[in-house]
Every structure is written in C-alpha cells, then in structure tokens.
Amino acid sequence: YAPLSDEQKSLLESIDCPMVHQGNEMRSWYEKYDQLLNFWQKHGHFLVDRREDPSLLKWMLRQRTRYKGTELVSVPLSKHQICHLERIGFAWQSDRDEVEWQMRYDELVQFGEEHGHLRIKEQEKPSLYWWVSNQRRGYKGHTFSELTEHQIKRLEKIGFRWSARD
C-alpha cells in the first residue's frame with residue numbers, strides 16, 4: 001500500500017470517488033478503514049479474530065451488509081467507500097469459513113501423519129475432536145452447514161471415516 005498521488009486523487013474524484021469528506025460519521029468511517037488497512041498490512045488478510053478485535057470485525061460485517069443493501073435500516077455504502085475498500089482488496093463475502101476449514105483439515109492431516117490414524121480423543125485435542133464431529137454431522141446433513149463435495153472428497157482421500165465407530 002502506498003499513499004495516493006495528487007493525480008490519482010484527481011482521477012478518483014473525476015469518477016465520483018471523492019477523497020475528502022467532512023463530518024463525524026465520515027471521520028469515524030475513515031478511522032475504522034485505517035484500522036482495517038493497518039490490520040491488512042500487518043497480516044496480509046482480512047480474517048479478524050472476533051476475540052482480538054470485535055469492533056473491527058463488527059465494522060467489517062456492517063460494510064458487507066451496507067454493500068449488499070440487505071438491511072432496511074442500513075445506509076448503503078457510498079461510491080467512494082466502495083472504492084476505498086476495493087482498492088485494498090476487501091472481499092464483499094467472507095471466506096473465513098473456507099480458511100478455518102482448511103486450517104482444521106491441515107491440523108487433521110498433521111495429526112494423522114504423527115499418529116498413524118485419525119481417531120482423535122476429546123481430551124487430547126478438544127477443538128480438533130469437535131471439528132471432526134461437526135464434519136460427520138455435516139456429512140449426514142445434521143448441521144447448518146453441510147459439507148461440499150470437494151470437502152468430502154478431500155476427507156475421504158486421507159482415510160477419514162464417517163462414523164466414529166469405524
């Protein structure tokens with residue numbers, strides 16, 4: 001990320017993407033935007049942990065809602081706000097679920113390589129144990145998020161069993 005030159009600012013303003021606004025609401029928006037920008041520069045992604053920075057995560061979710069226009073009480077994002085967020089690669093849909101699934105999958109693969117099996121005990125690795133349980137429930141259609149065909153194939157490729165009794 002580098003600051004915009006005067007020429008770049010002028011070009012953005014010419015397409016209704018103004019850079020300077022007045023008022024507390026806009027100032028507050030830019031403060032959160034700067035916070036998001038700093039997070040992205042530090043981490044290289046937008047996966048804000050809700051325990052570490054709940055206010056930034058809430059702000060990000062609000063921007064997605066405002067962009068989609070799915071809330072009646074929500075004021076849509078302005079063109080310049082959209083422009084700023086898109087400039088840094090902000091995703092309008094979160095890929096958090098996919099990233100978290102991949103991280104757990106990688107943890108399961110590593111467990112299998114270290115132990116020679118995928119039978120996780122709750123007392124050994126509680127969070128991985130519950131993730132595995134949720135995968136089985138998702139496969140059977142008993143959770144709010146069913147597994148994709150791709151996820152099913154990846155789990156089966158590493159020898160995952162759909163029943164804990166196997």
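J.: Help me out: how do you make sense of the environment of Val109 in this one?
T.: With respect to the helices, strands and loops of the structure, Val109 is situated in helix α5 (residues 96-115). A residue is classified by how much of its surface remains accessible, and Val109, at 24% relative accessible area, is partly exposed. As for Val109 and Gly159, which are separated by 50 residues in sequence, their C-alpha atoms are 9.8 Å apart.

J.: What is the right way to read the packing of aromatic side chains from this model?
T.: Pairs of aromatic rings are described using the distance from one ring centre to the other and the angle between the two planes. Under the criterion given, the structure shown has 12 aromatic pairs. When the centroid spacing of 5.6 Å and the interplanar angle of 80° are considered together, the rings of Phe46 and Phe90 count as edge-to-face. You can see Phe46 sitting in the loop between α2 (24-43) and α3 (54-68) and its partner Phe90 sitting in the loop between α4 (79-87) and α5, a full 44 residues away along the chain. An angle of 85° between the planes, with centres 5.2 Å apart, marks the rings of Tyr129 and Trp130 as edge-to-face. Through successive ring pairs, a cluster of aromatic residues spans Trp40, Phe46, Tyr67, Phe90 and Trp92.

J.: Teacher, can you tell me more about the packing of α5 against helix α6 (residues 126-139) here?
T.: Axes are the key here: two packed helices are described by the angle between their axes and the distance separating the axes. For the pair α5 and α6, interaxial distance at closest approach is 10 Å and the crossing angle is 110°. On the basis of the axis angle, α5 is roughly perpendicular to α6. Only Ser127, Leu128, Trp131, Val132 and Gln135 of α6 make contact with α5, whose side of the interface consists of Trp101, Arg104, Tyr105, Glu107, Leu108 and Phe111. In terms of residue class, the contact of α5 with α6 is made up of seven nonpolar, two polar and two charged.

J.: Just to check I follow, could you spell out the environment of Leu118 for this structure?
T.: Summarising the element assignment, Leu118 is placed in the loop between α5 and α6. Once the C-alpha coordinates of Leu118 and Leu108 are considered, the two residues, 10 residues apart in sequence, prove to be 7.1 Å apart. Not counting residues up to four positions away in its chain, the partners in contact with Leu118 are Leu108, Phe111, Gly112, Ile158, Gly159 and Phe160.

J.: Explain the pattern of salt bridges here, please?
T.: Should their charged atoms come close, side chains of opposite charge can pair. Scanning all chains against the criterion turns up one salt bridge. Taking the shortest distance from any N to any O, the salt bridge between Glu107 and Arg104 comes out at 2.8 Å. With Glu107 and Arg104 both in helix α5, this residue pair falls three residues apart, about one helical turn. Judged by its relative accessible area of 23%, Glu107 is partly exposed. Take Arg104: its relative accessible area is 25%, and that puts it in the partly exposed class.

Cut-off values and rules
Within each chain, residue numbers correspond to sequence positions counted from 1 in written order. Two thresholds apply to this predicted model, a pLDDT of at least 70 for residue-level local features and 80 or more for giving and counting side-chain atom pairs, whereas whole-chain, interface and lining totals are computed over all residues. Working from all heavy atoms in the structure, the side-chain values ignore hydrogens and water. Labels follow the DSSP assignment, with helices taken as runs of H or I lasting at least four residues and strands as runs of E lasting at least two, numbered in each case from the N terminus. The classification of residues rests on relative accessible area computed with a 1.4 Å probe and restricted to protein chains. Under 20% of the type maximum is buried, over 50% is exposed, and intermediate values are partly exposed. Aromatic pairing here means that ring centres of Phe, Tyr or Trp (its six-membered ring) are within 6.5 Å. Orientation follows from the plane angle: under 30 degrees is stacked, over 60 is edge-to-face, and everything else is tilted. Lines fitted to C-alpha atoms define the axes here, with helix axes fitted over just the stretch in contact, and angles between the N-to-C directions of these axes take values from 0 to 180 degrees. Throughout, the term roughly parallel applies to angles under 35 degrees, roughly antiparallel to angles over 145, roughly perpendicular to angles from 65 to 115, and oblique to all others. Throughout, a contact is declared for two residues whenever any of their heavy atoms are within 4.5 Å. In the scheme used here, Gly and all other residues not listed as nonpolar or charged are polar, with Ala, Val, Leu, Ile, Met, Phe, Trp, Tyr, Cys and Pro taken as nonpolar and Asp, Glu, Lys and Arg as charged. Here, a salt bridge means any Lys or Arg side-chain nitrogen found within 4 Å of an Asp or Glu carboxyl oxygen.

In short, geometric facts, not functional conclusions.
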